[in-house]
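# A closer look at the structure
Next come the chains, spelled out residue by residue.
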Amino acid sequence: MDRIRAFLVAVAVVAICGVPQVRSTASDHRYKAGDEVPLYANKVGPYHNPSETYRYFDFPFCSSAPVKEKKEALGEVLNGDRLVSAPYKLEFLTEKEAEIACKRKLTKEEVVKFRKAVSKDYYFQMYYDDLPIWGFLGKVEKEGKTDPADYKYYLFKHLVFEIHYNKDRVIEITVRSDPNALVDLTEDVPVDVDFMYTVKWKETNTPFEKRMDKYSLSSSLPHHLEIHWFSIINSCVTVLLLTGFLATILMRVLKNDFIKYAHDEESADDQEESGWKYIHGDVFRYPKHKSLFAAALGSGTQLFTLTSFIFILALVGVFYPYNRGALFTALVVIYALTSGIAGYTAASFYCQLEGTNWVRNLLLTGSLFCGPLFVTFCFLNTVAIAYKATAALPFGTIMVIFLIWALVTSPLLVLGGIAGKNSKAEFQAPCRTTKYPREIPPLPWYRKTIPQMAMAGFLPFSAIYIELYYIFASVWGHRIYTIYSILFIVFIILLIVTAFITVALTYFQLAAEDHEWWWRSFLCGGSTGLFIYTYCLYYYNARSDMSGFMQTSFFFGYMACICYGFFLMLGAIGFRASLLFVRHIYRSIKCE
């Protein structure tokens, strides 16, 4: 068992650290004239529903040779890639003109299937020497027709490949459909189709190392960069003004409080305390449901570590455009390897809060994020199976993920928990907690939990609002996001604003003599996740053309898991910042 575990860990490390070296698997091959260059058909699907994709040969295309499936890595399968040999032969430097790939007689049912696909703007994706290419299956003729029943539906039967090469390497490929080679699919009658293709080769001076650059240019165009930088400058100015305003008020009020309390200690002892010093005997009273609280803190810390590692890999160039599945592989592997951090953080903090059932706490930590994610996955995978889509994971892939969880994630979680339990760390409380809690005075409505969460989440969300559109358009669309440096700056701004606004609200809560700040700080910090999910509703209805039960369930299901992860991560950040602040202000005064 230990050998298997060590092997999986080694594979995981290689899968992540080795990604930059596999930038060109088949692409490292140099070719001679006449050599066969690998061309794989990947998937087809409606253009506006990125999650709803199907295998290429689920549609009645034909192949002139036996179909061979390409072995794929874990991340590629999770990405929905299902590569098979394509029916077109594109030998290196071999030009072809209107060559017939195969002939097929479409039945009435196959004509109907193609017509439905054309009406929904279905596209296909292929990979030639690891370079992606796209094309549409057909077109709908609507000109001069107001009644949909009069529309004409056509299937493209002739593809024109234009390939650029530099000496003995493939540099670029594009595909277009011949607008004059059409098959009429309007009527439900069998039809004969000759699938043809043309291949043209052109020489270029573009070096092989820069052949992927064109795929990232769309997000690096000047007007796009201007929007990104405007977003950052706008966020920075807003953050500086608001946080500076709050900081000035907070520091001035705190300074006055310190002076007042120092003066009170020198004056008569019968002078009554008020404000946050009044509750010094309750402010470090342990929260309710401390096992759940420690588990949430541990899970949030793990997700923060995961996000940090993902940004490091992105900034060093691992997630270059169309490095198929690299992001999903990184997410699975790094999450497994960082589970020890969750176990250590949760168990250590739980023991500091004088918890005794640390085993139950570890089980809660391990299932707090994975549990909802597993339930969501089971439902969505069932939907994908019902649709026969490529998003449905094969049994073998599910077993691989289960083995990673059983042999890597769970043992590291337990080891981290044991290390946390044995750390013998004590909770650092500057003030002694009284035996009985003070009664919290009645609070106005705007000081309750829900209004405070709304105020706490709005400012961080406003700082990332503009950048969210580009991220959504990349994840749930066909845009390419490559400006990770800007995204990293936005992420840092998000963390700073979350920490600061949570600290400010914690102070106002303590000043109102409400000592139950533990859960409040976590909820306020994580409330940005709720705002992001609300933005999902807006994006789905106003900014996208997604439709259908499968795409809708995938969008809202997986976005719920992502926003829940943000809630845990930012909640942990908010609580940690508030804990440092509360310890600091109570350490600065003499508490009796």
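Residues numbered from 1 in each chain as written. Predicted model: local features only at pLDDT ≥ 70, side-chain atom pairs only at ≥ 80, totals over all residues. Heavy atoms only, no water.

### As for helix 14 (residues 518–526)
Burial of helix 14 is extensive: 7 of the 9 residues sit out of reach of the surface. The complete set of buried residues in helix 14 reads W518, R520, S521, F522, C524, G525 and G526. Taken together, the buried residues of helix 14 touch helix 6 (290–315), helix 8 (339–352), helix 12 (449–475), helix 13 (484–511), helix 15 (528–543) and helix 16 (549–587). (Buried < 20%, exposed > 50% of the residue type's maximum accessible area, 1.4 Å probe, protein only. Helix = DSSP H or I, 4+ residues; strand = E, 2+ residues; numbered from the N terminus. Contact = heavy atoms within 4.5 Å.)

### Description of the state of the cysteines
Within this structure, the stated rule accounts for 1 disulfide. Disulfide pairing places C62 opposite C102 at an S-S distance of 1.7 Å. Measuring the twist about the S-S bond at about 85°, one finds the C62-C102 disulfide to be right-handed. With C62 in the loop between strand 2 (54–55) and helix 2 (74–78) and C102 in strand 4 (residues 96–106), the pair connects residues that are 40 residues apart, well separated along the chain. Note on accessibility: C62 and C102 belong to one class, buried. (Disulfide = S-S within 2.5 Å.)

### Comments concerning the environment of T356
With respect to the helices, strands and loops of the structure, T356 is situated in the loop between helix 8 and helix 9 (358–368). In this structure the C-alpha to C-alpha distance between T356 and S291, which are 65 residues apart in sequence, comes to 9.4 Å.

### Re unusual backbone geometry
Positive phi outside glycine occurs at D130, with the angle close to 70°. Along the chain, the position of D130 falls in the loop between strand 5 (122–128) and strand 6 (131–136). Exposure remark for D130: the relative accessible area of 13% places this residue in the buried category.

### What to know about the sheet that holds strand 11 (residues 182–184)
The sheet built from 3 strands is open, its strands ordered 7-8-11 with antiparallel pairing. Of all strands in the sheet, those bounded by a partner on one side alone are strand 7 (138–141) and strand 11. Here the average twist between neighbouring strands, direction ignored, is 30°. Strand direction decides the pairing type here: strand 7 and strand 8 (residues 152–156), joined by 4 bridges, are antiparallel. In the strand pairing of strand 8, V140 is matched with Y153. Each of strand 7 and strand 8 touches helix 3 (residues 108–119); the most contacted strand, strand 8, lies at about 100° to it. (Pairing = 2+ DSSP bridges. Axes fitted to C-alpha atoms, helices over the stretch in contact; angles between N-to-C directions.)

### Focus on the pairing of strand 12 (residues 191–203)
Here 8 bridges tie strand 4 to strand 12, and the two strands are oriented antiparallel to one another. Residue pairing for strand 12: K105 is matched across the bridge by D192. Sheet topology note: the strand 9 (residues 158–166)/strand 12 ladder contains 8 bridges and is parallel. The residue of strand 12 that forms the bridge with F161 is V199.

### Side note on the environment of G574
Summarising the element assignment, G574 is placed in helix 16. Each C-alpha atom, one on G574 and one on F522, is 5.8 Å from the other, the two residues being 52 residues apart in sequence. Not counting residues up to four positions away in its chain, the partners in contact with G574 are T502, S521 and G525.

Take it as geometry only, folks, not as evidence of what the structure does.
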